[in-house]
Amino acid sequence: MADKSTKGLADVVAASTALSDIDGKAGRLFYRGYDIHDLAGRATFEEVAHLLQRGRLPDRAELAAYSESLAAGREPGPLAAANIAEIAGKQTPMEALRSLVSLAAADDPDKDSTAHEANLRKAARLTAQQPVLVARYHAARTGGSVPDADPELSIAGNFLLQVTGRRPEPRQVEIFDECLVLHADHTMNASTFAARVCAATLSDMHSAIVAAIGTLKGPLHGGANEQVMKTLESIPADGVAQAVREKLAAGEKIMGFGHRVYKTEDPRATHLRRMSAELAEAAGDDTYYRMSKEMEEVVFEAKGLYPNVDFYAASVYHYLGIPTDLFTPVFSISRMSGWTAHVIEQHADNRLIRPDSEYIGETDQKWKPIDER
Ligand SMILES: CC(=O)SCCNC(=O)CCNC(=O)[C@H](O)C(C)(C)COP(=O)(O)OP(=O)(O)OC[C@H]1O[C@@H](n2cnc3c(N)ncnc32)[C@H](O)[C@@H]1OP(=O)(O)O
Ligand SMILES: O=C([O-])CC(=O)C(=O)O
């Protein structure tokens, strides 16, 4: 029996990983040793997914082969495809993704295997299918149709095309691609931990991803980006400071601020703030960018908290024309690359993850028959 617990497992090292690393004091993030500041705006999401899942940045031939496998695996299986319309009528976007990934498992050609090569193929298919599932879900609920993927476009470009129905501007694609790069992996965050716990029972990759999606959905994790947009939309543009102070006085958390690991600026927020400013200027309406900047100042002054990745992602996605309730699904499109890489890593060197607990209940209870209780 353990005699001491750490609430929320803060500072507990729960796994070893070669995928990503954070220096929370310095505000630095690395994917397989590459500084996020070097990757952002330079590596594409496909290159980063390859880096995470296959261990290195691809050369041209490797990238071509990986991109081919993504394109070949993009189509969700018949069971998922057949159920999108009904699911779209009954479930929110993250609930729907949780269901659809589970259904997609049934038609995955490697569904019965957790072998390394099978895992690599499944990781590519899950990464390729996630944006398509989001776009098809959105089309099903709005009565729209999904344009065919354009072989000239990346995952980022095709997602913007398929979700908005318009061919995106090249700069929009670059910015969205950078967002995907920034969200791809983040050490032992809650959803990745959930995926690893599941995978460590030697369950399959789709099951682990279903656990991760359900975990990302919560507002203390990936769900915060949607909440940030709702906050921005719910307060008057000239009343940001007052609204924030009122929320804090009422004991509310301000979504998009604070982090378990970063004690300074989240390095991803630095890039997202810059992208938000650029898109606001291009849109000719910087209201949400200005409000975000002011909110950042007020929260820092009142609580000493910095924005996390979800904060400026909200206004960036808004300016890109992505519906607010698809912000967390967008996070999952990117994080799929990291989750799947973690499942591969877990299966490659596995031990069951089963921590202890600290018992705080009653002791010495005496059993009584039901009529005497
Ligand atoms: C992709 C991601 O998952 S990034 C995180 C996304 N989540 C959010 O943006 C939700 C808002 N933020 C939070 O709830 C937290 O900062 C978390 C969940 C990210 C981190 O949680 P923890 O490390 O457990 O910190 P915890 O919630 O205990 O906060 C520590 C203190 O700071 C305060 N605090 C932390 N975040 C916030 C916030 N966003 N607004 C107001 N106060 C906050 C807490 O109230 C607490 O104060 P107290 O000590 O006086 O009680
Ligand atoms: O690491 C965390 O706890 C949350 C986070 O920022 C992420 O998952 O990107």
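Residue numbering note: each chain is counted from 1, following its sequence as written. Chain letters and ligand numbers both follow the written order, the letters beginning at A and the numbers at 1. For a predicted model such as this one, the threshold for reporting local features is a pLDDT of at least 70, and the threshold for listing and counting side-chain atom pairs is 80 or more; totals across whole chains, interfaces and linings nevertheless cover every residue. Note: side-chain values were computed over all heavy atoms of the structure, leaving out hydrogens and water.

The name given to the chain in an unreviewed UniProt entry is Citrate synthase, and the organism recorded there is Nonomuraea bangladeshensis. UniProt positions are given in the numbering used here, feature names are shortened, and annotations may be inferred rather than shown by experiment. UniProt, in its Pathway (unreviewed entry) section for the chain, records the words "Carbohydrate metabolism; tricarboxylic acid cycle." Comment text from UniProt for the chain, heading Sequence similarities (unreviewed entry), reads "Belongs to the citrate synthase family."

Caption draft 1: Summary view of the overall build of the chain. What counts as a helix is a DSSP run of H or I of at least four residues, what counts as a strand is a run of E of at least two, and both are numbered from the N terminus. Of the regular secondary structure elements, the chain holds 16 helices and 3 strands. The C-alpha extent of the chain, read off along each of the three principal axes, is 70 × 55 × 45 Å. Using a 1.4 Å probe on the protein chains alone, a residue whose accessible area is under 20% of its type maximum counts as buried, one over 50% counts as exposed, and one in between counts as partly exposed. When burial is assessed residue by residue, the chain has 50% of its 373 residues classed as buried. Note that accessible areas follow from Shrake-Rupley with a 1.4 Å probe, and for residues the cover is restricted to the protein chains shown. Of the accessible surface of the chain, which amounts to about 17,800 Å², a share of 50% is contributed by carbon and sulfur atoms. This count recognises Lys and Arg as positive and Asp and Glu as negative, with His and chain-terminal groups excluded. Taken as the charge centre is NZ of Lys, CZ of Arg, CG of Asp or CD of Glu, depending on the residue. Seen as two clouds, the 41 positive and the 53 negative side-chain charges of the chain have centres 4 Å apart.

Caption draft 2: Examining the site of ligand 2 more closely. For this description, a residue counts as near a given molecule or strand if any of its non-hydrogen atoms is within 4 Å of it. Looking at ligand 2, the residues that line it are His 186, Asn 189, His 221, His 259, Arg 268, Phe 331 and Arg 335. Under this definition, polar contacts are N or O atom pairs within 3.5 Å; protein pairs additionally need one hydrogen-donor-capable and one acceptor-capable atom, and for neighbouring residues in sequence, both atoms have to be side-chain atoms. Between ligand 2 and Arg 335, the relevant distance is 2.7 Å, taken from an oxygen atom to a side-chain nitrogen or oxygen of the residue. When ligand 2 sits alone it has 270 Å² of accessible area, and the protein chains cover 85% of it. Using protein atoms alone on a 1 Å grid, points that fit a 1.4 Å probe yet trap it form a cavity, whereas open point sets bounded by protein on both sides within 12 Å along at least five of seven lines form a pocket; residues with an atom within 4 Å of a point count as lining. For a molecule to be placed in a cavity or pocket, more than half of its atoms must lie within 2 Å of the grid points of that cavity or pocket. With respect to the detected pockets, ligand 2 is housed in the largest pocket. For the shell around ligand 2, the per-class residue count stands at 1 nonpolar, 4 polar and 2 charged. Three classes are used: nonpolar for Ala, Val, Leu, Ile, Met, Phe, Trp, Tyr, Cys and Pro, charged for Asp, Glu, Lys and Arg, and polar for all others, with Gly counted as polar.

Caption draft 3: Representation of the packing of helix 5 (residues 93-106) against helix 16 (residues 327-348). Note on method: axes are straight lines fitted to C-alpha atoms, helices fitted across the in-contact stretch only, with angles between N-to-C directions ranging 0 to 180 degrees. Direction vectors running N to C along helix 5 and helix 16 enclose 35°, while the axes themselves pass 8 Å from each other. The residues of helix 16 that touch helix 5, namely those facing Pro 93, Met 94 and Leu 97, are Thr 328, Pro 329 and Ser 332. For the contact of helix 5 with helix 16, the per-class residue count stands at 4 nonpolar, 2 polar and no charged. Contacts are assigned to residue pairs with any non-hydrogen atoms lying within 4.5 Å of each other.

Caption draft 4: Representation of the site of ligand 1 within the structure. In the vicinity of ligand 1 lie 19 residues, with His 221, Lys 253, Ile 254, Gly 256 and Arg 260 positioned nearest. Between ligand 1 and the protein, one listed contact pairs a nitrogen atom with a backbone N or O atom of Ile 254 at 2.7 Å. The protein chains hide 65% of the 910 Å² of surface that ligand 1 would expose on its own. Structurally, ligand 1 is housed in the largest pocket. Here the residues of the shell around ligand 1 are counted per class, giving 10 nonpolar, 5 polar and 4 charged.

Caption draft 5: How the structure looks around the nonpolar core. Take the buried Ala, Val, Leu, Ile, Met, Phe, Trp, Tyr and Cys residues and link them wherever side-chain atoms come within 4.5 Å; each set so joined is a nonpolar core. In terms of nonpolar packing, the biggest core is built from 98 residues, with Phe 176, Met 295 and Ile 322 touching the most fellow members. Beyond its immediate sequence surroundings of up to four residues, Met 295 is in contact with Thr 231, Leu 232, Ile 235, Val 240, Val 244, Ile 254, Phe 257 and Phe 311.

Caption draft 6: Representation of the pairing of strand 1 (residues 20-23) in the model. Only one face of strand 1 is buried: it carries Ser 20 and Ile 22, and the other face, with Asp 21 and Asp 23, is open. Linking strand 1 to strand 2 (residues 28-31), which pair antiparallel, is a turn of 4 residues; within it Gly 27 sits at a positive phi near 70°. Think of it this way: DSSP has to see at least two bridges between two strands before they count as a pair.

Caption draft 7: Region of interest: empty space enclosed by the protein. Grid points are joined across faces, edges and corners, and a volume is the space filled by probe spheres set on the points. Under the criterion given, the structure shown has 1 cavity of 30 Å³ or more. The computed volume of the largest cavity comes to approximately 30 Å³. Lining the largest cavity we find Pro 93, Ala 96, Leu 97, Leu 100, Val 134, Tyr 137, Leu 326 and Pro 329. Where the lining of the largest cavity is concerned, the elements lending two or more residues are helix 5 and helix 6 (116-142). Broken down by element, the residue count for the lining of the largest cavity peaks at 4 residues, all from helix 5.

Caption draft 8: Quick peek at the confidence of the model for the chain. In predicted models, pLDDT denotes the confidence assigned by the predictor to each residue on a 0 to 100 scale. Mean pLDDT over the chain works out to 97, with 99% of the residues at or above the 70 mark. As a predicted assembly, this complex carries a pTM of 0.97 together with an ipTM value of 0.99.

Caption draft 9: View of unusual backbone geometry. The backbone phi angle of Leu 202 is positive, close to 70°, even though this residue is not glycine. Tracing the backbone through its elements, the reader meets Leu 202 in the loop between helix 9 (190-199) and helix 10 (205-216). The exposure class of Leu 202 is exposed, given its relative accessible area of 53%.

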